[in-house]
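Each chain, letter by letter, is given below.
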Amino acid sequence: MTNRIASPILQPVTLGGLQLKNRIVMAPMTRSRADDNGIQPDYAAEYYAQRAGAGLIVTEATNISAQARGYTRTPGIWNEDQITAWKRVTQAVHQREGKIFLQLWHTGRMSHPDMHDGGLPVAPSAIKPHGQIRVHEGMKDFVTPRALRTDEIPLIVEDYRRGAENAKAAGFDGVEIHSANNYLLEQFIRDSTNVRTDRYGGSLENRLRFPLEVVQAVIDVWGAERVGIRISPVTTTPGETPLDSDTMRTFGTYVAALSNLGLLYVHEIEGVTQQSREEVSDVSFAALRRAFRGAYIANNQYTLDLAEQTLAAGDADLFSIGRPFIANPDLVARLASGAPLAEAPKAYWYGGDSTGYSDWPTMS
Ligand SMILES: Cc1cc2nc3c(=O)[nH]c(=O)nc-3n(C[C@H](O)[C@H](O)[C@H](O)COP(=O)(O)O)c2cc1C
């Protein structure tokens, strides 16, 4: 075991006005322990507090409305009971001097009628994702979603605004807008999932209109210095979603617009989420990073070694780590001491109770 306590990754750093313990971010991870009303169980507070050794925690994706839901037992942030449950989480994390952002989510077409009393999921266009989605009764085929009417889109912007306000009421330190992994915002951005002919489709400017309206609404609530965003330009899951026909231009333009709005950070999944880090097509993560003035959080299979190399090259500021946080609540302490990491069986990732969730032991 090599002691890595002096690693620059593990030293305190500031992110905007926030003082962080280190450059490690706990990546957002859906764990599906909420009840059917989107309310987090008490033991979620313990789970997040155990992981407060991270410089910053980004919560699991959280539905901004009932319409936003795609997966069973995912939490919400649209009503008082949900706010009360999240308050327990933020208080527990703050007691351990951690910082925590809520990830704001709308799944769009990555949903199923079973989540909407038989109604269709909504999307920019009526294009069916490939494959299946997990609902109460197990796996079911995706369906063709309903294309949103133009007059419905500003209502969803308002849902994001309310979600941002509720996150503030729940005591979060900021919010991360989930614009990654082919959920609603990314469905508007990519021309493979948006074939609209109104002001929210067609040209690149039109395809970016809805995501940028959402970002502006959330900034109105929090100020840009407490708002981050997540992107995944080359991820094709879920739904085997095709890439945009000009990923570099599309995401380069998006990131530049986000930079002009003064967002705190862009959190980028480099490569295909949980899969290859190889650059796909002509997409340069470094070029996307350079298009953004704020902080850059890099993600996808980062180890301490890779983070150190990337920091030394000036290619990222913070590094988010996902899967290793599942079975290693004290991940940062383990990285510092060079201790071996535990591994969580996949069966514990989604659903169930506190087992395989908030009962992982610390090192000794
Ligand atoms: C169980 C699980 C749930 C996830 N849920 C989310 C989520 O809610 N929001 C999100 O943006 N990414 C989610 N991801 C993706 C992770 O944040 C991360 O991008 C991915 O695991 C790659 O990072 P890693 O190699 O450090 O695990 C999830 C990943 C896993 C394993």
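Described in the following lines is the structure provided in the data block.

### What to know about the site of the ligand
Near the ligand lie 20 residues; those nearest to it are Thr30, Arg230, Asn299, Gln301 and Arg323. A distance of 2.7 Å separates an oxygen atom of the ligand from a polar atom in the backbone of Gln301. Interatomic distance of 2.7 Å between a side-chain N/O atom of Arg323 and an oxygen atom of the ligand. Coverage of the ligand by the protein amounts to 96% of the 610 Å² it exposes when considered alone. Split into classes, the residues belonging to the shell around the ligand amount to 8 nonpolar, 10 polar and 2 charged.

### What to know about the packing of aromatic side chains
For any pair of aromatic rings, geometry is given as the distance between the ring centres together with the angle between the planes. Inspection of the entire model under this criterion finds 14 aromatic pairs. Taking 5.6 Å as the distance between ring centres and 80° as the angle between the ring planes, the aromatic pair formed by Tyr43 and Tyr357 counts as edge-to-face. Placement of Tyr43 in helix 1 (residues 43–50) and of Tyr357 in the segment after helix 10 (331–337) is noted, with a sequence separation of 314 residues between them. Residue Tyr43 is classed as partly exposed on the basis of its relative accessible area, which comes to 23%.

### Quick word on the packing of helix 3 (residues 153–169) against helix 5 (residues 204–222)
Relative placement of two packed helices is described by the angle separating their axes and the distance separating the axes. Their axes nearest at 9 Å, the elements helix 3 and helix 5 cross at an angle of 30°. With respect to their mutual orientation, helix 3 and helix 5 come out roughly parallel. As helix 3 runs across helix 5, the sense of the crossing is right-handed. Note on element contacts: helix 5 touches helix 3 through Phe210, Glu213, Val214, Ala217, Val218, Asp220, Val221 and Trp222, opposite Ile153, Ile156, Val157, Tyr160, Arg161, Ala164, Glu165, Ala167 and Lys168. The residue inventory of the contact of helix 3 with helix 5, partitioned by class, reads 12 nonpolar, no polar and 5 charged.

### Some points on the layout of surface pockets
If you add up the space inside the second largest pocket, you get close to 180 Å³. In this structure, the second largest pocket is lined by 17 residues; those nearest its centre are Asp36, Arg69, Thr72, Met115 and His136. Residue classes in the lining of the second largest pocket are distributed as 4 nonpolar, 7 polar and 6 charged.

### Considerations on the environment of Leu185
In this fold, Leu185 is placed in helix 4 (residues 184–189). Other than its neighbours up to four places away in sequence, Leu185 contacts Tyr160, Ile177, His178, Ser179, Phe210, Pro211 and Val214.

### Examining the sheet that holds strand 13 (residues 295–299)
Read around the barrel, 8 strands follow the order 3-4-5-10-11-12-13-14 and close on themselves; strand pairing throughout is parallel. Here the strands of the sheet are splayed against their neighbours by 25° on average, with no regard to which way each runs. One ladder, built from 4 bridges, connects strand 11 (residues 227–231) with strand 12 (residues 265–269); its direction is parallel. In the strand pairing of strand 12, Gly228 is matched with Tyr265.

### Observations concerning helix 5
Three or four residues apart is the spacing at which side chains of an α-helix point the same way, because the helix has 3.6 residues per turn. Given a rise of 1.5 Å per residue, 19 residues ought to cover 27 Å, and the 27 Å separating the end C-alpha atoms of helix 5 matches this to within 8%. For helix 5, the principal kink sits at Phe210 and spans about 35°; a proline, Pro211, occurs within the next four residues.

Rules used in this analysis
- Residues numbered from 1 in each chain as written.
- Predicted model: local features only at pLDDT ≥ 70, side-chain atom pairs only at ≥ 80, totals over all residues.
- Heavy atoms only, no water.
- Near = heavy atom within 4 Å.
- Polar contact = N/O pair within 3.5 Å; in protein donor to acceptor, adjacent residues only side chain to side chain.
- Areas by Shrake-Rupley, 256 points an atom, 1.4 Å probe, with all protein chains shown as cover.
- Nonpolar A, V, L, I, M, F, W, Y, C, P; charged D, E, K, R; others polar.
- Phe/Tyr/Trp six-rings, centres within 6.5 Å; stacked < 30°, edge-to-face > 60°.
- Helix = DSSP H or I, 4+ residues; strand = E, 2+ residues; numbered from the N terminus.
- Buried < 20%, exposed > 50% of the residue type's maximum accessible area, 1.4 Å probe, protein only.
- Axes fitted to C-alpha atoms, helices over the stretch in contact; angles between N-to-C directions.
- Parallel < 35°, antiparallel > 145°, perpendicular 65-115°, else oblique.
- Left-handed = near helix turned anticlockwise from the far one by under 90°.
- Contact = heavy atoms within 4.5 Å.
- 1 Å grid on protein atoms, 1.4 Å probe; cavity = no way out; pocket = protein on both sides within 12 Å on 5 of 7 lines; lining within 4 Å.
- Points joined across faces, edges and corners; volume = space filled by probe spheres on them.
- Pairing = 2+ DSSP bridges.
- Expected span 1.5 Å × (residues − 1).
- Bend = angle between axes of the 7 residues up to and from the residue.

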